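# Structure at a glance
Chain residues, written in single-letter form:
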Amino acid sequence: MSDATPSANGHAEGAEPTSTDSPDFDTMTRDIADVPAVEVITTVAVHLMSAAAVNLGLAEEGEKHKDLDEARKLIHALAGLVTASATEVSNFHAAPLRDGLKSLQLAFREASVVPDEPGQGPGEKFTGPVFG
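These remarks concern the structure in this document. (Residues numbered from 1 in each chain as written. Predicted model: local features only at pLDDT ≥ 70, side-chain atom pairs only at ≥ 80, totals over all residues. Heavy atoms only, no water.)

### Section: helix H4 (residues 68-111)
If you check H4, its first and last C-alpha atoms are just 8 Å apart, much less than what 44 residues at 1.5 Å a residue would give, namely 64 Å. The largest bend in H4 comes to about 140°, at serine 90. For H4, the capping residue at the N-terminal end is aspartate 67, with a side-chain oxygen 3.2 Å from the backbone nitrogen of aspartate 69. (Helix = DSSP H or I, 4+ residues; strand = E, 2+ residues; numbered from the N terminus. Expected span 1.5 Å × (residues − 1). Bend = angle between axes of the 7 residues up to and from the residue. Polar contact = N/O pair within 3.5 Å; in protein donor to acceptor, adjacent residues only side chain to side chain.)

### Here's the deal with the pattern of salt bridges
By the definition in use, this model includes 6 salt bridges. Between lysine 64 and glutamate 61 there is a salt bridge, and its shortest N-O distance comes to 3.3 Å. Between glutamate 124 and arginine 109 there is a salt bridge; the shortest N-O distance is 2.7 Å. Pair noted here: glutamate 124 is in helix H5 (residues 124-127) and arginine 109 is in helix H4, with a separation of 15 residues, a long-range link. Overall, glutamate 124 belongs to the buried group, its relative accessible area being 4%. (Salt bridge = Lys/Arg side-chain N within 4 Å of Asp/Glu carboxyl O. Buried < 20%, exposed > 50% of the residue type's maximum accessible area, 1.4 Å probe, protein only.)

### Topic: the side chain of asparagine 55
Within the fold, asparagine 55 resides in helix H2 (residues 37-55). Of note is the side chain of asparagine 55, whose polar atom sits 2.9 Å from the backbone oxygen of alanine 51. In this view, asparagine 55 contacts His65, Lys66, Asp67, Leu68, Glu70, Ala71 and Leu74; residues no more than four positions away in its chain are not counted. (Contact = heavy atoms within 4.5 Å.)

Structure representation (structure tokens):
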């Protein structure tokens, strides 16, 4: 038995990875097949929301990470996903996603030096004009 402790990557410190440490893609493929579509969609939406919030400067040390061009792209992609999937994921899941999307759209408008015209902001092509 070894006294080595696992490191952050799961390998014993000082130990070299072996061929058995490679990912088992067959198992991973089966695992993703077991995940319901609504869970995949909401997980992707949450990742888009989180990334947009960081790029809007809403995270810790916000100004350091603020990039409105990146935020615009992420919000636009989120709006497309939320709009397209709303009928598929039920209102139970879609309503909080729409609320989060609207909050990000309003935060974008507030963060912009020159706000977009109503209906021209990120994602408003899909959602229609967003007002506070």
